[in-house]
Amino acid sequence: MTHLAQVAVVGAGNMGGGMLTRLRGLGWSVAVHDIDPLAQSKAVALGAVACGSAMEAARHLMPDGVLMVVVVDAAQTEAVLWGEGGAGPVLKPGQAVMLCPTLGPATVQSQAERLAQMGIDCIDAPMSGGPVRAQEGTMSLIVACSDAVWQRSQNLLNALSQQVFRVGTRAGDGARTKLVNNLLAAVNLAGAAEAMALAERLGLDPAATLSVIEASSGQSWIGSDRMRRGLAGDFEPRAHVTLLAKDTGLAVQAADEVAFDPPLGRLARDLFAQALGHGWADLDDAALLKLMRQR
């Protein structure tokens, strides 16, 4: 086969598309598969090789190539690797799988063990920061892998991000770190939405109030980012409500498994579940402001 790729990206949506754009801009050879024809055509326009399945994308990989799985959840990850047309059966020793979704630690561990039986390395590498930062190479990449895999992956990791955090060697520690981060993000977002709804109810100018908060002790990045567009009535999805709804559930589950009770985390999880119940799954998670306005 001609045109072997250094990287195969399965899932070229918001984050995957941003990462692929970054890699192509730096001259990396990339194969791509996405079930959305529009996402795939955008990748091809950047010079990626279109593939009809994850298996075909994996077949394009160089002997030391990396399959980047950039889908949404555990079920999609399982399908990409082991479902019909999945990449797993055609991967070869010397290649690696990079798991980028926010997954439960047990899912990462089980996938890593299954791949290890075939001699395939696993890079536990959830990401944070959104598609613009992914494209700019400024997103956070949270990595857990063995020392040997870490050394072999330096070129790719440094190409993807200027903010690579190695958090351990144990498969699943990337996922654990991401869940801790996302639980705090959800708590901060819920708090910011509550504060803005209260400001409105008190008769304050909420945009002016947010400016005060941004320069004061109540500031949080996610609060500023989401509430600015929420106050403007902009709920077009950059980060769907479903994502933090899923992640808070996974985080609380991880806490339960180590006998830790996170009271604020449970509250945030329940608030996101309420937002889903209102039919706002496909809105931006700034929609928590809508939820708080109803209280």
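Residues numbered from 1 in each chain as written. Predicted model: local features only at pLDDT ≥ 70, side-chain atom pairs only at ≥ 80, totals over all residues. Heavy atoms only, no water.

A few words now on the overall build of the protein chain. A tally of helices and strands in the protein chain yields 14 helices and nine strands. For a compact globule of 295 residues, the expected C-alpha radius of gyration is about 19 Å, and the protein chain comes in at 20 Å, within 12% of that figure. Taken along the three principal axes of its C-alpha coordinates, the protein chain extends 65 × 45 × 35 Å. Residue burial in the protein chain is summarised as follows: out of 295 residues, 48% are buried. A fraction of 66% describes how many contacts in the protein chain between residues 6 or more apart in sequence connect residues 24 or more apart. Of the accessible surface of the protein chain, which amounts to about 13,300 Å², a share of 55% is contributed by carbon and sulfur atoms. If you average the places of the 23 positive and of the 28 negative side-chain charges in the protein chain, the two averages end up 2 Å apart. (Helix = DSSP H or I, 4+ residues; strand = E, 2+ residues; numbered from the N terminus. Rg over C-alpha atoms; globule rule 2.2 N^0.38 Å. Buried < 20%, exposed > 50% of the residue type's maximum accessible area, 1.4 Å probe, protein only. Contact = heavy atoms within 4.5 Å. Areas by Shrake-Rupley, 256 points an atom, 1.4 Å probe, with all protein chains shown as cover. Lys, Arg positive; Asp, Glu negative; His and termini not counted. Charge placed at Lys NZ, Arg CZ, Asp CG, Glu CD.)

A few words on a nonpolar patch on the surface. Taken together, the side chains of L198, L202 and L204 present a nonpolar region at the surface, about 310 Å² in accessible area. Within the element layout of this structure, L198 appears in helix α9 (residues 173–201). Judged by relative accessible area, L198 falls into the partly exposed class, the value being 49%. (Patch = residues over 30% accessible without salt bridge, like charges linked within 9 Å, V, L, I, M, F, W, Y side chains within 5 Å. Salt bridge = Lys/Arg side-chain N within 4 Å of Asp/Glu carboxyl O.)

The next point concerns the packing of aromatic side chains. Applying the stated criterion across every chain yields a total of zero aromatic pairs. Over the face of the ring belonging to W82 we find R114, whose NZ or CZ atom lies 3.9 Å from the ring centre. In this structure, K290 is placed above the aromatic ring of F235, and the distance from its NZ or CZ to the ring centre is 5.1 Å. (Phe/Tyr/Trp six-rings, centres within 6.5 Å; stacked < 30°, edge-to-face > 60°. Lys NZ or Arg CZ within 6 Å of the ring centre and 35° of its normal.)

Counted according to the given criterion, the structure contains 16 salt bridges. In this structure, D225 engages R229 in a salt bridge whose closest nitrogen and oxygen atoms are separated by 3.1 Å. Pair noted here: D225 and R229 are both in helix α11 (residues 221–231), with a separation of four residues, about one helical turn. Using a relative accessible area of 12% as the deciding quantity, one classes R229 as buried. A salt bridge links D285 to R226, with the shortest nitrogen-to-oxygen separation between them at 2.5 Å. With D285 in the loop between α13 (263–277) and α14 (288–293) and R226 in helix α11, the pair connects residues that are 59 residues apart, well separated along the chain.

The next subject is unusual backbone geometry. Its identity as a non-glycine residue notwithstanding, A259 has a phi of 60°, on the positive side. Tracing the backbone through its elements, the reader meets A259 in the loop between α12 (241–257) and α13.

Take helix α2 (residues 37–45) next. Three- or four-residue spacings in an α-helix give side chains the same orientation, since the helix completes a turn every 3.6 residues. Listed as buried for α2 are A39, Q40 and A43. Projection of α2 onto a plane perpendicular to its axis shows the buried side chains occupying an angular sector of 95°, all on one side. The exposed residues of α2 that point more than 90 degrees off its buried face are P37, L38, K42 and A45. Contact partners of the buried residues in α2: α1 (14–25), β2 (30–33) and β3 (49–50). Measuring from the side-chain oxygen of the N-cap residue of α2 to the backbone nitrogen of L38 gives 3.0 Å; that N-cap residue is D36. Of the residues trailing α2, G47 is marked for its positive phi of about 105°. (Arc of directions from axis to C-beta. Polar contact = N/O pair within 3.5 Å; in protein donor to acceptor, adjacent residues only side chain to side chain.)

In short, the description is geometric, and any link to function would need to be established separately.
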